[in-house]
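This is what each chain is made of:
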Protein chains: 4
Amino acid sequence: MTEMACQTNLDLQQFIEEAKKVTKYGKVADYIPALAEANQHDLSAAIYYVDGTCVKAGEMETYFTLQSISKVLTLALALMDHGQEYVFERVGMEPTGDPFNSIAKLETVNPSKPLNPMINAGALAVTNMIKGKNKEEKFERIITFVRNLTNNHTISISEKVAQSEYDTAWLNRSLCYFLKEHGIIQGDVEELMELYTKQCAIQMHSLDLAKIGAVFALNGKHPETGMQLIPEKIARLCKTFMVTCGMYNASGEFAIKVGIPAKSGVSGGILAVVPNRYGIGIFGPSLDEKGNSISGIRLLELLSAKYSLSIF
Amino acid sequence: MTEMACQTNLDLQQFIEEAKKVTKYGKVADYIPALAEANQHDLSAAIYYVDGTCVKAGEMETYFTLQSISKVLTLALALMDHGQEYVFERVGMEPTGDPFNSIAKLETVNPSKPLNPMINAGALAVTNMIKGKNKEEKFERIITFVRNLTNNHTISISEKVAQSEYDTAWLNRSLCYFLKEHGIIQGDVEELMELYTKQCAIQMHSLDLAKIGAVFALNGKHPETGMQLIPEKIARLCKTFMVTCGMYNASGEFAIKVGIPAKSGVSGGILAVVPNRYGIGIFGPSLDEKGNSISGIRLLELLSAKYSLSIF
Amino acid sequence: MTEMACQTNLDLQQFIEEAKKVTKYGKVADYIPALAEANQHDLSAAIYYVDGTCVKAGEMETYFTLQSISKVLTLALALMDHGQEYVFERVGMEPTGDPFNSIAKLETVNPSKPLNPMINAGALAVTNMIKGKNKEEKFERIITFVRNLTNNHTISISEKVAQSEYDTAWLNRSLCYFLKEHGIIQGDVEELMELYTKQCAIQMHSLDLAKIGAVFALNGKHPETGMQLIPEKIARLCKTFMVTCGMYNASGEFAIKVGIPAKSGVSGGILAVVPNRYGIGIFGPSLDEKGNSISGIRLLELLSAKYSLSIF
Amino acid sequence: MTEMACQTNLDLQQFIEEAKKVTKYGKVADYIPALAEANQHDLSAAIYYVDGTCVKAGEMETYFTLQSISKVLTLALALMDHGQEYVFERVGMEPTGDPFNSIAKLETVNPSKPLNPMINAGALAVTNMIKGKNKEEKFERIITFVRNLTNNHTISISEKVAQSEYDTAWLNRSLCYFLKEHGIIQGDVEELMELYTKQCAIQMHSLDLAKIGAVFALNGKHPETGMQLIPEKIARLCKTFMVTCGMYNASGEFAIKVGIPAKSGVSGGILAVVPNRYGIGIFGPSLDEKGNSISGIRLLELLSAKYSLSIF
């Protein structure tokens, strides 16, 4: 692990202090006990530059689970497994004004294809595509991919979070069976649920997440190892989805106010990418009503304004 | 069984011949193989009078499964088990313009309560309420109730249909998990699916179904045994639902064109009630686009016009 | 006017006192000032028997406007003008779980045809069908029809209510233009709005309304004059719509709890029909959340329970 | 006019020949006669560089109307008139999976605020904000703004198209009245319709449109005059909307396949921006099923692939 080599940065610390002021306006996800244990006022961030240097600030010792952030990683893997044509026959490319866990549009829009891979329905369909001869091998492929992206081979899952989500994911099961009815999902739903809840429960530090961001900033090449972990075209495609659909149904507002590719999770994590420059990993578990880290978004607004990060 | 005592009726036979002309405009349900085997041009009907006499015509030897017709019977049983207040806290009383298997309104309408017990979502919630210490006892209570209503203790299920529906009921599972997420359904979904697909697979002849109709015509009292099998208030309530929601999202048109309480199933069965006079059991597997027996509805239109059956 | 001849009835008075207890749980419509002036605690009712006798109780001196009650009367007139086929090519027969002023289903359901004539979209389409060489003649035909139904040739409109609704009916205009886009409505929308708001503003006493109910109770024949004002088939059809769709999206519940044809308006009026026996006219301006007179429904529940009025 | 100075470019001509192959798979808009007259197989494009040079190819003599392209221009003007806070209280920032002329989400999503300014509902609300003491002055301000953006003071409207759209814009009227009901739109709807149909009927050549694109490429500064016509922040904001919502409900796919800010209209026009480098103006009236120029999109895909235009 490289975290030891990463210095606390005073500028970043100041932005974090400023951004922390809004944690009180959000609340911690409470739909599973493991997430509800998070400290509402935590906020940490790390920046990993494409030259391999990094800075960090805030509560860096806290592990958090990827949750929806994993959607962008399994999308990359599924695209590497099957190519664009196969994937986008089953999942659309369009942003939606609906909440991430909505089912209504699957019924009212033909041909019952999830609108994009960043909403739950689409992500379930994508995870269902991951190659592997059984669920163990599929998960092994996912976590190995994440370990390579972070260059951190200690990355593992929170068994407690995975189990807790598996035990209560009724809405995701509802989505899966709906998609199975329409041929978008194949195979056993419970196996898919196990795989999906595990991918959501992969845990790491902000710095690991920042390093994943740096891989995307380099269009798929790892800043430390120099390996092309994701083909450039797929890396760009993932960044595009992060812009149009990465922040749930607040993606449009985020594009205007921050303007960089980012993906959030209900754990309070945010993966953000400043193309060609650096990746950002954030953990701030107090969420706004759309499910995004309220102080994480504030922090990115401050950074974007200060350093002119918007790609627009 | 009383079927032997029931004479073929020439008038009824003529109406059936007339109604059969429309079978070609519909098609047999094909979502499970067992239903797809039905003969599109079959049409049989039996009328059971409240004085215990009966007439019949058409292909009376054919067994058919109740499918959605069972919804009105489990509703009666659930109301007898729990009373109106409990049941209608979990299921609404309002007709809907949506198809019977729709999920969209569960999301867009608060508090995620199925609009009525005649659509799949509502019926699944009702079946989930049936009392019993395990799934076997629950099913035993349902089939015993049906045997009492028909006064035919040989009534059983089509294992083949039950299994086939159980194996493919992805949309119903989707509905169940959605309802479980919102606390409308409790317990194990697979057990509920087993119970529900069995209740749908209860099979009988038109005459048995006509006899159930006669029980409703007498507000719950059995015409043969004289036993009050359903309390009058509940029997009336079930008939009301049959009028407002019994023929899927063609209920309004049916009320205008026929005007009697009726409940259809995708097997092609129709249970109809002429209050205080008789019950009608119909089997015609060719379905219109809403899922109702196309010739069955035609037959009821002819009977209603001829004998002024409308309650309106 | 026959109101003078109608005696105050002590039984009815008692039911009204009982029903009045719930007026405090509702509220008076406030979307136009003229309706907001109503006294929340008023409740009056009249019963007009098919033999020409009547009883009344409550605040009988109050005039109220028909509002949505007029929908069932223009439906009868349009059916007399054009026949069923023409009318039901443009308006459906199905109840809907949506509010009366909803537009969403017009977009999501093909072919953009209002689900039934009792919701605003459907009623606007029906009023658009009324024959007449100009808007004045069309309105003259409507009010003449209402005067004949009440046998009260002093019936007129509240100009104040008509104007007030005309000035603010943005949602109805939105529905009209949507329907015009889809060819369901022809001609000038402002003329239609004028006609529609006038028909809604026709005002009368409870006894007049009760007399209209008596006409429906006799399947279209006037109890006083003996004239067949509405063909029997159309009168029955209107009663059917009153059962399936008459009480907005509380029609299903009303069918279960009361069980007679009825149509409500946001003025607090209710027209109710006890087939072959009598008509009921009610005015109670305190509305429940669905837009029905809260004490009016309570009164009908009490009467239905006491006198076994349900047709089911 | 600078068009004379703009040379036909052979590379561009070749791309146009290639892109023209798909015109046969689309069709010309036919909802008003004036648009239906366009030649399905036309395709022209102009590129205006930020240094003031330009190239062009295809049928450059054809004028076309802006239609929805005008939405991004009036948005800029409304933001200059009122600031972000005022504008975004009335119109959202989120992309939607629904068609541009949809009304359903206005009803199902609170607070009845159009999801973004690029769908019709949002654009109508934005046009309603344009300052001016009467409709003439408002339109004068819009067309003056467009003339400044194109540096072409001969820009005018097609009266024929404006009148034709005004005469048939029932759906837009429906949207306006719905928004008026909810306080999003104020004032007279017919005046707004006149203003809106005029803004849609502003006509120009591809080169004029390319020059508008160049203004956005320079974040609001005109490449010829050097004037800051749009404040930088607003110009960036408009480009962001062009990326997330500019190509109707195909914006997500366009972002992936092309990856530059663009706005299309049903006339077949496309305004595209390559930040800091150039603007592109395209006219190809054959439309795909989402309403975008089918050959125009193909042309942009070819250019984006060849010259690596994607901002992602």
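What you see as residue numbers is a count from 1 along each chain, following the sequence as written. To read the labels, note that chains go from A and ligands from 1, taken in the order they are written. Two thresholds apply to this predicted model, a pLDDT of at least 70 for residue-level local features and 80 or more for giving and counting side-chain atom pairs, whereas whole-chain, interface and lining totals are computed over all residues. With hydrogens and water excluded, all non-hydrogen atoms of the structure serve as input to the side-chain values.

Q: How should I be thinking about the UniProt feature "binding site: substrate" (unreviewed entry) in chain A in this particular structure?
A: Residues and elements named next belong to chain A. Listed under "binding site: substrate" (unreviewed entry) in the UniProt record, and renumbered for this structure, are Ser68, Asn120, Glu165, Asn172, Tyr196, Tyr248 and Val266. Secondary structure elements are defined from DSSP: runs of H or I of at least 4 residues count as helices, runs of E of at least 2 residues count as strands, and each element is numbered from the N terminus. Here Ser68 is to be found in the loop between strand 5 (64–65) and helix 3 (70–82). For Ser68, a relative accessible area of 7% gives the class buried. Here a residue-residue contact requires only that any non-hydrogen atoms of the pair lie within 4.5 Å. The contact partners of Ser68, leaving out residues within four places of it in the chain, are Tyr248, Lys263, Ser264 and Gly265. Checked against the element boundaries, Glu165 lands in helix 8 (residues 159–168). Residue classification places Glu165 among the buried residues on the basis of a relative accessible area of 7%. UniProt positions are given in the numbering used here, feature names are shortened, and annotations may be inferred rather than shown by experiment. Throughout this description, buried means an accessible area under 20% of the type-specific maximum (1.4 Å probe, protein chains only), exposed means over 50%, and partly exposed covers the range between.

Q: Even after reading the chapter, I still don't get the environment of B:Gly291, so can you show me in this structure?
A: Residue and element names in this part refer to chain B. Tracing the chain through its elements places Gly291 in the loop between strand 11 (286–287) and helix 13 (294–307). For Gly291, a relative accessible area of 8% translates into the label buried. In sequence terms Gly291 and Gly268 are 23 residues apart; their C-alpha atoms lie 8.1 Å from each other. Gly291 has contacts with Tyr248, Gly265 and Val266, leaving out every residue within four places of it along the chain.

Q: I tried to follow the pattern of salt bridges on my own but got confused; where do I start?
A: Two side chains bearing opposite charge may form a pair once their charged atoms approach each other closely. A pair is scored as a salt bridge if a Lys or Arg side-chain nitrogen falls within 4 Å of a carboxyl oxygen belonging to Asp or Glu. Counting across every chain of the model gives 51 salt bridges over all chains. One salt bridge connects A:Lys211 with A:Glu224, and the closest N-O pair in it is separated by 3.3 Å. With a gap of 13 residues between them, A:Lys211 in helix 11 (residues 206–217) and A:Glu224 in the loop between helix 11 and helix 12 (232–245) connect regions that are remote in the sequence. What makes A:Lys211 buried here is its relative accessible area of 2%. Judged by relative accessible area, A:Glu224 falls into the partly exposed class, the value being 30%. Here D:Arg236 ties to D:Glu232 by a salt bridge, and the two come within 3.0 Å at their closest N and O atoms.

Q: Any chance you could explain the domain arrangement of chain A here in plain terms?
A: A common way to state how big an interface is: give the accessible area lost once the parts meet. Residue and element names in this part refer to chain A. You can read the domains of chain A as domain 1 (3–67 + 203–307) and domain 2 (70–200). Domain borders in the structure are assigned automatically or taken from a domain database. If you average the C-alpha positions of domain 1 and of domain 2, the two centres end up 21 Å apart. Facing 33 residues of domain 1, the contacting portion of domain 2 comprises 40 residues. Buried area: the sum, over both parts, of the accessible surface (1.4 Å probe) that disappears when the two are put together. Between domain 1 and domain 2 the total buried area reaches about 3000 Å² when both faces are included, carbon and sulfur atoms providing 69% of it. Three residues stand out in domain 1 for area buried against domain 2, namely Gln67, Gln203 and Phe241, and they jointly supply 19% of the buried area on that side. At the junction of domain 1 and domain 2, the tally comes to one salt bridge. Put simply, Glu37 and Lys160 hold a salt bridge, and the shortest N to O gap is 3.2 Å. Side-chain atoms alone can form a polar contact between residues adjacent in sequence; in general such a contact is a pair of N or O atoms within 3.5 Å, and within protein one must be able to donate a hydrogen while the other accepts it. At the junction of domain 1 and domain 2, the tally comes to eleven residue pairs in polar contact (both at pLDDT 80 or more).

Q: How should I be thinking about the interface of chain A and chain D in this particular structure?
A: Counting residues at the interface gives 25 residues for chain A and 25 residues for chain D. A buried area of about 2200 Å², summed over both sides, lies between chain A and chain D, and 68% of it is on carbon and sulfur atoms. The largest contributions to the chain A side of the interface with chain D come from A:Glu94, A:Ile256 and A:Phe312, which together make up 31% of the buried area. Applying the counting criterion to the chain A and chain D interface returns eight residue pairs in polar contact (both at pLDDT 80 or more). For the side of chain A that touches chain D, the secondary structure elements donating two or more residues are helix 12 and helix 13 (251–257) of chain A. Residue polarity is assigned by list, with Asp, Glu, Lys and Arg as charged and Ala, Val, Leu, Ile, Met, Phe, Trp, Tyr, Cys and Pro as nonpolar; anything else, Gly included, falls into the polar class. Grouping the amino acids of the side of chain A that touches chain D by side-chain chemistry returns eleven nonpolar, seven polar and seven charged.

Q: Just to check I follow, could you spell out the interface of chain C and chain D for this structure?
A: With 15 residues of chain C at the interface, the matching set in chain D holds 15 residues. Taking both partners together, chain C and chain D bury about 1400 Å²; carbon and sulfur atoms supply 68% of that area. For chain C, the biggest contributors to the area lost against chain D are C:Glu107, C:Trp170 and C:Tyr177; these three give 38% of the whole. At the junction of chain C and chain D, the tally comes to three residue pairs in polar contact (both at pLDDT 80 or more). Looking at the side of chain C that touches chain D, the elements that each hand over two or more residues are helix 4 (104–108) and helix 8 (170–181) of chain C. At eight residues, the largest contribution of residues to the side of chain C that touches chain D is made by helix 8 of chain C. Taken together, the residues of the side of chain C that touches chain D break down into six nonpolar, four polar and five charged.

Q: Whenever I open this one, the relation of the copies chain C and chain D confuses me. Can you help?
A: Related by rotation about an axis and a shift along that axis, the two copies of the chain form a pair. Screw-axis analysis of chain C against chain D gives a translation of 0.0 Å along the axis, an RMSD of 0.0 Å, and a rotation angle of 180 degrees. With respect to symmetry, the two chain copies, as superposed, fit the operation of a two-fold axis. Same-surface contact between copies: 100% of interface residues of chain C are shared with the interface of chain D. Here the copies are matched by least squares. The fit uses the C-alpha atoms of residues with pLDDT of at least 70 in both.

Q: Before we go on, may I ask you to explain the relation of the copies chain A and chain D in this structure?
A: The transform that puts chain A on chain D rotates by 180 degrees and translates by 0.0 Å along the axis, for an RMSD of 0.0 Å. A symmetric contact is evident, with 100% of the interface residues of chain A recurring at the interface of chain D.

Q: Even after reading the chapter, I still don't get the sheet that holds strand 1 (residues 7–8) of chain B, so can you show me in this structure?
A: Whenever strands of a sheet pair, they do so through backbone hydrogen bonds, lying parallel or antiparallel. Residues and elements named next belong to chain B. Strand pairing is assigned whenever DSSP identifies at least 2 bridges connecting the two strands. Across the sheet, six strands lie side by side as 1-4-3-10-9-8; this open sheet has mixed pairing. The sheet terminates laterally at strand 1 and strand 8 (262–264), the two strands that pair on one side only. Two elements, strand 9 (residues 269–274) and strand 10 (residues 278–283), share six bridges in a ladder whose sense is antiparallel. Opposite Leu271, over in strand 10, you have Gly281 as the bridge partner. Axes here refer to lines fitted to C-alpha atoms; in helices the fit is confined to the stretch in contact. Angles between the N-to-C directions go from 0 to 180 degrees. Helix-sheet contacts for helix 1 (residues 10–19) involve strand 1, strand 3 (44–49) and strand 4 (54–58), and the interaxial angle to strand 4 is about 35 degrees.

Q: I would appreciate a short explanation of helix 6 (residues 120–127) of chain A in the present structure.
A: Residues separated by three or four positions in an α-helix point in the same direction, a consequence of the helix having 3.6 residues per turn. Counted residue by residue, helix 6 of chain A has eight buried out of eight residues, so it is predominantly covered. Three or more residues of helix 6 of chain A are buried, namely A:Asn120, A:Ala121, A:Gly122, A:Ala123, A:Leu124, A:Ala125, A:Val126 and A:Thr127.

Q: Quick question: what am I supposed to make of the environment of A:Asn249 here?
A: Along the chain, the position of A:Asn249 falls in the loop between helix 12 and helix 13. On a C-alpha basis, the gap between A:Asn249 and A:Gly97 in space is 5.6 Å, while along the polypeptide they are 152 residues apart. Among residues more than four places away in sequence, those in contact with A:Asn249 are A:Thr96, A:Gly97, A:Asp98, A:Pro99, A:Lys290 and D:Glu94.

Q: Quick question: what am I supposed to make of the sheet that holds strand 6 (residues 156–157) of chain D here?
A: All names here are of chain D. What the three strands build is an open sheet, ordered 5-7-6; its pairing is antiparallel. Because the sheet does not close on itself, it has two edges, and the strands there are strand 5 (64–65) and strand 6. Alignment of strand 6 against strand 7 (residues 202–204), held across two bridges, turns out to be antiparallel. In the sheet register, Ser156 faces strand 7, and the bridge partner there is Gln203. Where helix 10 (residues 206–217) meets the sheet, its contacts fall on strand 5 and strand 7, and the angle it forms with strand 7 comes to roughly 105 degrees.

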